[in-house]
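Each chain, letter by letter, is given below.
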Amino acid sequence: MIAANIDDYRLLAQRRLPKFLFEYIDGGAFDEVTLRANRRDLQKLRVKQRILRDVSEIKLNSQLFHRDISLPLVLAPVGIAGLNARRGECLAAQVAEEKGIPFCLSTVGTCSMEEVQQATSTDFWYQLYVARDRGLVKELLQRSENLGCKTLILTVDMQVPSARYRDVRSGLAGGSMLRRQFARITQSMIKPAWAWDVGIMGRPHTLGNIAHILGKGAGIDDYWQWMKDNFDPTVTWKDLDFIRENWSGDIIVKGILEADDARSALAAGASGLVVSNHGGRQLDGALSAIRALPAIADAVGDDMAVLMDGGVRTGLDVVRALCLGAKAVLLGRAWVYGLAARKQQGVREVLNIFENEIKVTMALMGCTTLKDLNRELLIIDD
Ligand SMILES: Cc1cc2nc3c(=O)[nH]c(=O)nc-3n(C[C@H](O)[C@H](O)[C@H](O)COP(=O)(O)O)c2cc1C
């Protein structure tokens, strides 16, 4: 199949990946109501067609956290993304660098921050989960800063991991250890291309940033358990002080859906926020990110950079989010589908699709720069 859009890359990813991995990426929490709402609410937003303006040159560059970016996109932090292709986070970070956009490495990525830094020459963004062990948190912050990272995404919507039933059924997280291992091995055996590229050649399959805590022999079940045991339900706004004391760069709070929380993030010293419901993977029934966005953009005005993610699969979706006040959009599943489907080339193709679609959308809306995008260009009907 020749992939034309992101849905096609999703299908290719499904063909190439073992079931437990595809379901992990693709799935959401509980009944996946919010997962679906992220897409549906984006698609409901119509845009105005405006004609006979000179749109021969469309500029997509802007500034984000003191850095010039050439597209209003960021590759979102995705846990164990490096299992989708051999050393996957490094491959994606290189493409992000090539395209002039930031790559954000997850705390629970497969590649370590040292490996990603070695693979690229632009600074990466780092995403932090506040673990119970504050000594570890401090260490992670120091390590990333020493490697030149200046932008921290602090994810706050995962104080407890949610229930994702696809992971239980697939054998990633459910049943006995024996059943899980049997499921994963048999699913991998029928995907030989993945089994060779990642299963055999892509080792180690660790969570690179915290591998030193669990030791070399740790497998996917040990890590799963570590994550369950180490997410900290006692974290509050006060912990932002601790992060501030140990981090000198920008802090972006990710996982905000309420205007009050946005104001609290601003008061706590964050320079940006991501309107996000974790791609529908945490609180099912929560508002879609695109519906939450306008009230939050209004609440913080120009005092903070407002970013958004959740359900973005087309350049048209990106334009919709920018019209509603986002400075840039994070891509989660989209880049991972590309990586799983066609390795590094897949991530490149996915970003090229976004770039082309943003340009076409803007041209047909009569816009030539990102500054032209505003709410007046949308037709919002419920
Ligand atoms: C498989 C998967 C793993 C994720 N892991 C993380 C993570 O480690 N840290 C984090 O802050 N967000 C994580 N997210 C959420 C993404 O950063 C992002 O918010 C979400 O994917 C956006 O929705 P989209 O996938 O519809 O674009 C993950 C998302 C997916 C799909």
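Here, every reference points to the structure presented above.
Below or above, wherever it landed, is the structure these notes cover. The model shown is predicted, which means the values in this text are computed figures rather than measured ones.

**Thoughts on the site of the ligand**
Okay, step 1: Around the ligand sit 22 residues in total, of which Pro-77, Ser-106, Thr-155, Asp-309 and Gly-311 are the nearest.
Okay, step 2: Interatomic distance of 3.2 Å between a side-chain N/O atom of Gln-127 and a nitrogen atom of the ligand.
Okay, step 3: Take Tyr-129: an N or O atom from its side chain is 2.8 Å from a nitrogen atom of the ligand.
Okay, step 4: Summarising the interface, the protein chains cover 98% of the accessible area of the ligand, which totals 600 Å² for the free molecule.
Okay, step 5: Looking at the shell around the ligand residue by residue, the classes come out as seven nonpolar, ten polar and five charged.

**So, the packing of helix α15 (residues 315–323) against helix α16 (residues 333–364)**
Okay, step 1: Relative to each other, α15 and α16 sit at 60 degrees, their axes nearing to 7 Å. Relative to α16, α15 is oriented oblique. The two elements α15 and α16 meet at a crossing, and its hand is right-handed. Note on element contacts: α16 touches α15 through Phe-354, Glu-357, Ile-358, Thr-361 and Met-362, opposite Gly-315, Leu-316, Val-318 and Val-319.

**What about the sheet that holds strand β10 (residues 305–309)?**
Okay, step 1: Within the open sheet, the eight strands sit side by side as β4-β11-β10-β9-β8-β7-β6-β5. Their pairing is parallel. One side of each edge strand has no neighbouring strand; the edge strands of this open sheet are β4 (73–75) and β5 (104–105).
Okay, step 2: Sheet topology places strand β8 (residues 250–256) next to strand β9 (residues 272–275); four bridges connect them, and they run parallel. In the sheet register, Ile-256 faces β9, and the bridge partner there is Val-275.
Okay, step 3: Running over the sheet, helix α6 (residues 134–146) touches β6 (125–128) and β7 (151–155) and is turned about 175 degrees from β6.

**Things to note about the pattern of salt bridges**
Okay, step 1: In this structure the tally under the stated criterion is 26 salt bridges.
Okay, step 2: Salt-bridge contacts for Arg-16 lead to Asp-197; the nearest nitrogen and oxygen are separated by 3.4 Å. Taken together, the residues span a long stretch of sequence, with Arg-16 in helix α1 (residues 6–16) and Asp-197 in helix α9 (residues 192–200) at a distance of 181 residues.
Okay, step 3: Under the relative-accessibility criterion, Arg-16 is labelled buried at 13%.
Okay, step 4: The exposure class assigned to Asp-197 is buried, which follows from its relative accessible area of 5%.
Okay, step 5: Between Glu-23 and Lys-19 there is a salt bridge, with the nearest N and O atoms lying 3.4 Å from each other. In this pair, Glu-23 and Lys-19 both sit in helix α2 (residues 19–26), four residues apart, roughly one turn of the helix.

**Here we look at α6**
For the α-helix, the turn length of 3.6 residues means that residues three or four positions removed from each other point alike.
Okay, step 1: The end-to-end C-alpha distance of α6 is 18 Å, a good match for the 18 Å that 13 residues give at a rise of 1.5 Å each.
Okay, step 2: Among the residues of α6, those classed as buried are Leu-136, Val-137, Leu-140, Leu-141, Arg-143 and Ser-144. When α6 is viewed along its axis, its buried side chains cluster within an angular range of 165 degrees and face the same direction.
Okay, step 3: On its buried side, α6 packs onto α5 (113–119), β6, β7, α10 (211–214), α11 (220–230) and α12 (239–245).
Okay, step 4: Regarding α6, its N-cap is Asp-133, as a side-chain oxygen of that residue lies 2.9 Å from the backbone nitrogen of Gly-135 further along.
Okay, step 5: A positive backbone phi angle near 100 degrees is found at Gly-148, which sits one or two residues after α6.

**Thoughts on the environment of Phe-65**
Okay, step 1: You can see Phe-65 is positioned in the loop between β2 (62–64) and β3 (67–69).
Okay, step 2: Taking C-alpha positions, Phe-65 is 8.3 Å from Ser-271, a pair spaced 206 residues apart along the chain.
Okay, step 3: Excluding residues within four positions of it along the chain, Phe-65 makes contact with Trp-125, Thr-151, Asp-250, Ile-252, Ser-271, Gly-272, Ala-305 and Leu-307.

**Here we look at a nonpolar patch on the surface**
Okay, step 1: On the surface, a cluster of nonpolar side chains totalling about 270 Å² of accessible area is made up of Phe-30, Tyr-165 and Val-168.
Okay, step 2: Turning to its location among the elements, Val-168 is positioned in helix α7 (residues 165–170).

**Concerning the nonpolar core**
Okay, step 1: The biggest cluster of nonpolar side chains holds 118 residues, and the ones touching the most others in it are Leu-128, Val-275 and Trp-335.
Okay, step 2: Top contributing element to this core by residue count: α16, with 15 residues.
Okay, step 3: When neighbours within four sequence positions are excluded, Leu-128 is seen to be in contact with Thr-107, Val-137, Leu-140, Leu-141, Leu-152, Ile-153, Leu-154, Thr-155 and Ile-243.
Okay, step 4: Formed by 14 residues, the second largest nonpolar core is a distinct cluster that contains Leu-64, Ile-69, Trp-125 and Ile-153.

**A few points about the packing of aromatic side chains**
Okay, step 1: Under the defined criterion, the tally for this structure stands at six aromatic pairs.
Okay, step 2: Taking the centre distance of 6.2 Å and the plane angle of 25 degrees together, the rings of Phe-30 and Tyr-165 count as stacked. Pair noted here: Phe-30 is in the loop between α2 and α3 (33–44) and Tyr-165 is in helix α7, with a separation of 135 residues, a long-range link.
Okay, step 3: Note on Phe-103 and Trp-335: the rings are 5.8 Å apart at their centroids and 70 degrees apart in plane angle, and the pair reads as edge-to-face. Linking Phe-103 in the loop between α4 (88–99) and β5 with Trp-335 in helix α16, this pair joins segments that are 232 residues apart in sequence.
Okay, step 4: Accessibility expressed as a relative area gives 0% for Trp-335, which makes it buried.

The rules behind the values
Residues numbered from 1 in each chain as written. Predicted model: local features only at pLDDT ≥ 70, side-chain atom pairs only at ≥ 80, totals over all residues. Heavy atoms only, no water. Near = heavy atom within 4 Å. Polar contact = N/O pair within 3.5 Å; in protein donor to acceptor, adjacent residues only side chain to side chain. Areas by Shrake-Rupley, 256 points an atom, 1.4 Å probe, with all protein chains shown as cover. Nonpolar A, V, L, I, M, F, W, Y, C, P; charged D, E, K, R; others polar. Axes fitted to C-alpha atoms, helices over the stretch in contact; angles between N-to-C directions. Helix = DSSP H or I, 4+ residues; strand = E, 2+ residues; numbered from the N terminus. Parallel < 35°, antiparallel > 145°, perpendicular 65-115°, else oblique. Left-handed = near helix turned anticlockwise from the far one by under 90°. Contact = heavy atoms within 4.5 Å. Pairing = 2+ DSSP bridges. Salt bridge = Lys/Arg side-chain N within 4 Å of Asp/Glu carboxyl O. Buried < 20%, exposed > 50% of the residue type's maximum accessible area, 1.4 Å probe, protein only. Expected span 1.5 Å × (residues − 1). Arc of directions from axis to C-beta. Patch = residues over 30% accessible without salt bridge, like charges linked within 9 Å, V, L, I, M, F, W, Y side chains within 5 Å. Core = buried A, V, L, I, M, F, W, Y, C linked by side-chain atoms within 4.5 Å. Phe/Tyr/Trp six-rings, centres within 6.5 Å; stacked < 30°, edge-to-face > 60°.

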